Amino acid sequence: MSWFESLVLGLVQGLTEFLPVSSSAHLRLTAAFSGWKDPGAAFTAITQIGTEAAVLIYFRKDIGRIISAWFRSLFDKTMRRNHDAQMGWLVIVGSIPIGVLGVTLKDQIEGPFRDLRITATMLIVVGVVIGVADRLAARDETGGRHRAPKQRKALENLGVKDGLIFGLCQACALIPGVSRSGATISGGLFMGYKREAAARYSFLLAIPAVLASGLFEVKDSVGSGDVDWGPTLFATVIAFASGYAVIAWFMKWISNKSFMPFVWYRVALGIVIIALVAAGALSPHAAESAS
C-alpha cells in the first residue's frame, strides 16, 4: 500500500464511519474504483481504532461518568439504580451479539461478505430501512393535521431488551454495505427513540466492539507480514482527525435534519455498483488484499 492510498483510505474511513453509509463498503469501493488492491478486513478494523479514539474524546465526559458509576455499582448496591451505571451494563449487554457473531463469522466477513453484489444489495436494502425509520420518526415529531406530536423515548428509557435489539442491529454491520450507525440508529428509531438518543447510544455501543476488533487484528497481524504498518498507522491517524470533525457535525445534524439525503445516496450508489458489475466494468470479487 502506498502512502497516497493510505491517505485516501484514511480520509474515507474517517468521513464515512459515523454517517449511515457504511465505511467498510466505501473502503472496499474506493479501492475497486481506483484499481487498488482491497485493503482488507484487517486494515478496516485497525483504522477504525482511529475513529473510535475520536468517539472517546468527543464523548469523554459521558464515558468518564459511565465508567465511574459502573465501577462503583459493583460494590455499592444503591448505585445500581444510577442511570450512568445502568448505561455501563447496557453497553456490555448490547456488545454481546456482535462479539459472538464477529468470532463465529470471521471467515465470511473476510471473504464472501466482501462481494460487491452483497455490498450493493445491503446499501439499497438498508437505505430503504433507514428511510422508513426516518419517516416514522418525523411523523411522531411533527404530528399531523389530526394528530398531536408523539413523545419519543430518551436514553433514560433504555432497558436490557432494547439494548440487545440495538446490539443485534449493530451486528448486522459485519456485512459491508449495512453501516453500523445506519443499522443501530434506524433500529432505535423503530423502537421509538429520539434521533439524538439513538445516535448517542449507537456511538457508545460501538466502542467496545470496534476497539476489541481492532486490537484483535493488531495481535494477529504483528509479525505476520499481512499488514503494511507504516501506511496503516498513518491512515489510522488520518481517520481519527477526519472522524472527529464528522462526529461533531453529525450530532448537530441529526437533531433536526432528515436522513433522506443519505438514503438517496445509498440507493443510487447501490444501483450504480450493480450496473457496473452486470456490465463487467467492475469485478464483484476483491482483488488480493493490500499488504
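Residues numbered from 1 in each chain as written. Predicted model: local features only at pLDDT ≥ 70, side-chain atom pairs only at ≥ 80, totals over all residues. Heavy atoms only, no water.

Per an unreviewed UniProt entry, the protein chain goes by the name Undecaprenyl-diphosphatase and belongs to Streptomyces diastatochromogenes. Among the UniProt annotations of the protein chain, the heading Function (unreviewed entry) holds the following wording: "Catalyzes the dephosphorylation of undecaprenyl diphosphate (UPP). Confers resistance to bacitracin." Per UniProt, the comment on the protein chain under Subcellular location (unreviewed entry) is "Cell membrane". (UniProt positions renumbered as here; feature names shortened; annotations may be inferred.)

Focus: empty space enclosed by the protein
Evaluation of the coordinates by the stated rule reveals one cavity of 30 Å³ or more. If you add up the space inside the largest cavity, you get close to 30 Å³. If you trace the largest cavity, you find it lined by Glu 17, Phe 18, Glu 52, Arg 180, Ser 181, Ser 202, Phe 203 and Ala 206. For the lining of the largest cavity, the secondary-structure elements that each account for two or more residues are α9 (180-190) and α10 (195-221). The greatest single-element share of the lining of the largest cavity, amounting to three residues, is contributed by α10. Grouping the amino acids of the lining of the largest cavity by side-chain chemistry returns three nonpolar, two polar and three charged. (1 Å grid on protein atoms, 1.4 Å probe; cavity = no way out; pocket = protein on both sides within 12 Å on 5 of 7 lines; lining within 4 Å. Points joined across faces, edges and corners; volume = space filled by probe spheres on them. Helix = DSSP H or I, 4+ residues; strand = E, 2+ residues; numbered from the N terminus. Nonpolar A, V, L, I, M, F, W, Y, C, P; charged D, E, K, R; others polar.)

Considering helix α8 (residues 160-171)
Taking 1.5 Å per residue as the helical rise, α8 with its twelve residues ought to reach 16 Å, and the 16 Å between its terminal C-alpha atoms agrees with that figure. For α8, every residue scored as buried is listed here: Asp 162, Gly 163, Phe 166, Gly 167, Cys 169, Gln 170 and Ala 171. (Expected span 1.5 Å × (residues − 1). Buried < 20%, exposed > 50% of the residue type's maximum accessible area, 1.4 Å probe, protein only.)

Some details on the side chain of Arg 195
For Arg 195, the position within the fold is in helix α10. The buried category is assigned to Arg 195, whose relative accessible area is 5%. Here Asp 134 takes part through its side chain, which lies 2.5 Å from a polar atom of the side chain of Arg 195. Those residues within four positions of Arg 195 in sequence are excluded, and the remaining contacts are Asp 134, Ala 137, Ala 138, Glu 141, Leu 189, Ile 254, Lys 257, Ser 258 and Phe 259. (Polar contact = N/O pair within 3.5 Å; in protein donor to acceptor, adjacent residues only side chain to side chain. Contact = heavy atoms within 4.5 Å.)

Remarks on the packing of helix α1 (residues 3-16) against helix α11 (residues 229-253)
Close contact between α1 and α11 brings their axes to 7 Å; oriented N to C, the two are set at 30°. Between α1 and α11, the angle is such that the two are roughly parallel. For the crossing formed where α1 meets α11, the hand is right-handed. For the pair α1 and α11, contact is made by Trp 3, Ser 6, Leu 7, Gly 10, Leu 11, Gln 13, Gly 14 and Leu 15 and by Gly 230, Pro 231, Phe 234, Ala 235, Ile 238, Ala 239, Ser 242, Gly 243 and Val 246, respectively. Its residues assigned to classes, the contact of α1 with α11 comprises ten nonpolar, seven polar and no charged. (Axes fitted to C-alpha atoms, helices over the stretch in contact; angles between N-to-C directions. Parallel < 35°, antiparallel > 145°, perpendicular 65-115°, else oblique. Left-handed = near helix turned anticlockwise from the far one by under 90°.)

Quick notes on unusual backbone geometry
Phi at Ser 22 takes a positive value of approximately 80°, unusual for a residue other than glycine. Note on placement: Ser 22 falls in the loop between α1 and α2 (23-34).

Observations concerning the pattern of salt bridges
All chains considered together, the criterion is met by nine salt bridges. Between Asp 62 and Arg 200 there is a salt bridge whose closest N-O contact spans 2.8 Å. Linking Asp 62 in helix α4 (residues 60-73) with Arg 200 in helix α10, this pair joins segments that are 138 residues apart in sequence. This pair shows no difference in class: Asp 62 is buried, exactly as Arg 200 is. We note a salt bridge from Asp 134 to Arg 195, for which the minimum N-O separation is 2.5 Å. (Salt bridge = Lys/Arg side-chain N within 4 Å of Asp/Glu carboxyl O.)

Focus: the layout of surface pockets
Roughly 740 Å³ of internal volume is contained in the largest pocket. Contributing to the lining of the largest pocket are 34 residues, with Ile 98, Gly 102, Ile 109, Leu 174 and Ser 213 lying nearest its centre. Elements that contribute at least two residues to the lining of the largest pocket include exactly α2, α3 (40-58), α5 (83-104), α6 (106-110) and α10. No other element matches α10, which puts seven residues into the lining of the largest pocket.

Considerations on the UniProt feature "transmembrane region" (unreviewed entry) in the protein chain
Those places that UniProt annotates as "transmembrane region" (unreviewed entry) correspond, in this numbering, to residues 40-59, 87-105, 117-137, 198-217, 229-251 and 263-282. In the segment residues 263-282, helix accounts for 80% and strand for 0%; the C-alpha atoms at its two ends are 23 Å apart.

Some words on the packing of α1 against α3
Close contact between α1 and α3 brings their axes to 10 Å; oriented N to C, the two are set at 60°. Judged by the inter-axis angle, α1 sits oblique to α3. When you trace α1 past α3, the crossing you get is right-handed. Across from Leu 9, Gln 13 and Gly 14 in α1, the residues of α3 making contact are Phe 43, Thr 44, Thr 47, Gln 48 and Thr 51. The residue makeup of the contact of α1 with α3, split by class, is two nonpolar, six polar and no charged.

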